[in-house]
Each structure stands twice: as C-alpha cells, then as structure tokens.
Amino acid sequence: MNMSYINYRDIIATILMFTVGACAGSFINAVAMRTVADKKWWGKERSTCDLCGATLKSADLVPIISFLMLSGKCRYCKAPIKPRHFTAEILSAALTAALFQRWGVSPALAMSLAVLWFSLFNSLTDIENGYIYDVWAIALGVTGLLMRIGGGWPAILDGILGGALGFCFIALIILVSRGGMGWGDAVLMLGIGGAVGWKYCAISLYSGFMVGGIIVLPLMIAKKLKRKDAIPLGPFLAAGAIITLFIGSSFIRYFGYIIGSYPGWPWG
Ligand SMILES: [Zn+2]
C-alpha cells in the first residue's frame, strides 16, 4: 500500500458526515428534551438555557462549536451548560463519521444511521426521565421495515423476525425477573430488531447485556448502586445495537456455524 497517497475525497466526505452527525445530534437532543418537557418541538418554539431560561440565539446553537467557544457556560447567566448537549452532539458526529467509514454510501449506511439516531433519541429520554416513548421506539422499527422494502421479501421478513426476537427476549426477562427491565426496553428492542434483522438483533442483545454488565456490576460492587436502584437500561441496549453495526458481520463470521454466515440484507 502506498502510504503517501491521501484520499482527499474520502477525508472531505468524512468531515461532511461528521458535520451532518453533529447537526443531527443537536436536533435529536433538542427534540428529546422538549419531548420530555412536554413542549412542542416544531413551529416557533425557541431553544432556551436550561438554567436561566434565556432564549438562545443562533450563535449559541452551533453544534459542538458553540459549546467550545462558550467554554461550556451559558452566554447569559454563565452557569455551566449540561454536558449532555455536547455529549449528544459529539457522539452523534463521531459515530456518523465512523459508520460512513464502515459502510460507505450504501443501504447499510442508511439503516445504520436510522438505528444510531433513533437509539440516541430513545437513550436521551430514558436517561432524562427514565422513559422510552413507545412511539419513538416503534418509529425506528417502521422506518427500518420501510427501508427493507429495498431488500425484497426476505429482508422484510428478517426485520419482522428481528422485532419479534427483540421484543420477546426482553418480555421474557420482565416476566421472569419482575423488575429491572421495563416494557419500554422491550419496545425499544422491537424497534431495533425491526431495523437490523434477527441476527444483528441477537448480537445487539448480547452486546447490550455485556456493556450493561461491564458498567453496572463494578458500580454495584463499589456499592454506588443498589440492586433496586432504577438504572435506565435503554442506553445499554442502544449501545449494544450501535456496537453491532460495527462488529456484527465479523461476529457472524466467527459464530456462523450456529446462525449461518450470511448476516442478512443490508449487511451482507
Ligand atoms: Zn443561562
């Protein structure tokens, strides 16, 4: 490989995708916070400072850049801006660019971005008030199934199986454990499974529980969390799905003898 060769088109496209991701993250965060606060997110509703309520100007709302320029403080009241806004923007930007690198311009990229952005939304509402809105979780499944029309009947069937697997798996845990997980989590996996198909859904569940275990168990051991504390689990499931968008196909290559080596449309 010739290391002196730099693909400028790829670099520019990646920066562009990073920017698109930042704007998407900013928009998703605003809609999620307004949904939680029961405010309209369309029309003339303006964004305000969480703390002083000042109406924000467009210069205060440039994703990532405004936060850095203002060193994380409100221009008007100087109170620290919740890091959640910045985190949502930077996560969305970085993952959008990385997914573009992973999939190139393809149906798999479109599906990945739907999963990323809806999952981000559902994680934000879950973190903010412990609630996953059914309509926003189902919206991902519906979007995914509509995209799957591009892959024909096998792809649509795969989405239906994925949604059923995700929902039933969490429902089973709810019924067996009575607590811990909520129906919001089941509906979230219905949406994710409908988009990614059954094989990626299985890997998403596995990865989500791994991430959850890695983060929650040490906290429990350190007694920072009690078993009964309500921990929002949606973000872990979402993280599992997003990890799967990157590693799902390699995972299937290793474990293909169990579930077949073809990851399914649009991944294979
Ligand atoms: Zn303020």
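In this report, the structure presented in the accompanying data block is examined. (Residues numbered from 1 in each chain as written. Predicted model: local features only at pLDDT ≥ 70, side-chain atom pairs only at ≥ 80, totals over all residues. Heavy atoms only, no water.)

With that out of the way, let us pick up the coordination of the zinc ion. Every protein donor of the zinc ion is listed here as C49 (SG), C52 (SG), C74 (SG) and C77 (SG), and their distances to the metal cover 2.3 Å. Mapped onto the polypeptide sequence, the residues donating to the zinc ion form the spacing pattern C-x2-C-x21-C-x2-C. Residue classification places C77 among the partly exposed positions, given a relative accessible area of 31%. (Donors = N, O, S within 2.8 Å, 3.2 Å for Na, K, Ca; no water. Buried < 20%, exposed > 50% of the residue type's maximum accessible area, 1.4 Å probe, protein only.)

Here the structure, examined in full by the defined rule, presents four salt bridges. For R75, the salt bridge is made with D60, and the minimal N-O distance between the two is 2.6 Å. You can see R75 sitting in the loop between α2 (65-69) and α3 (83-103) and its partner D60 sitting in the loop between α1 (8-36) and α2, a full 15 residues away along the chain. A residue is classified by how much of its surface remains accessible, and D60, at 10% relative accessible area, is buried. Residue E128 is joined to R84 by a salt bridge in which the shortest nitrogen-to-oxygen separation is 2.1 Å. Of this pair, E128 sits in helix α4 (residues 107-129) while R84 sits in helix α3, and the two are 44 residues apart along the sequence. A relative accessible area of 27% places E128 in the partly exposed class. (Salt bridge = Lys/Arg side-chain N within 4 Å of Asp/Glu carboxyl O. Helix = DSSP H or I, 4+ residues; strand = E, 2+ residues; numbered from the N terminus.)

Taking 1.5 Å per residue as the helical rise, α3 with its 21 residues ought to reach 30 Å, and the 30 Å between its terminal C-alpha atoms agrees with that figure. Among all positions in α3, only H85, F86, A88, E89, S92, A93, L95, T96, A97, L99, F100 and W103 are buried. Immediately beyond the C-terminal end of α3, within one or two residues, lies G104, with a positive phi of roughly 65°. (Expected span 1.5 Å × (residues − 1).)

Backbone torsion omega between W265 and P266 reads 0°, so that peptide bond is classified as cis. Positive phi outside glycine occurs at D38, with the angle close to 65°. Checked against the element boundaries, D38 lands in the loop between α1 and α2. With a phi angle near 40°, S71 is a residue other than glycine that sits in the positive phi range.

Interhelical geometry of α1 versus α3 gives an angle of 140° and a closest axis separation of 7 Å. In terms of axis orientation, α1 runs oblique to α3. α3 is crossed by α1, and the crossing has right-handed handedness. Of α3, the residues touching α1 (which contributes D10, A13, T14, M17, F18, G21, A22, A24, G25, S26, N29 and M33) are R84, H85, A88, E89, S92, A93, A94, T96, A97, F100 and Q101. Looking at the contact of α1 with α3 residue by residue, the class counts come to 11 nonpolar, nine polar and three charged. (Axes fitted to C-alpha atoms, helices over the stretch in contact; angles between N-to-C directions. Parallel < 35°, antiparallel > 145°, perpendicular 65-115°, else oblique. Left-handed = near helix turned anticlockwise from the far one by under 90°. Contact = heavy atoms within 4.5 Å. Nonpolar A, V, L, I, M, F, W, Y, C, P; charged D, E, K, R; others polar.)

Shape is all these values report; function is a separate question.
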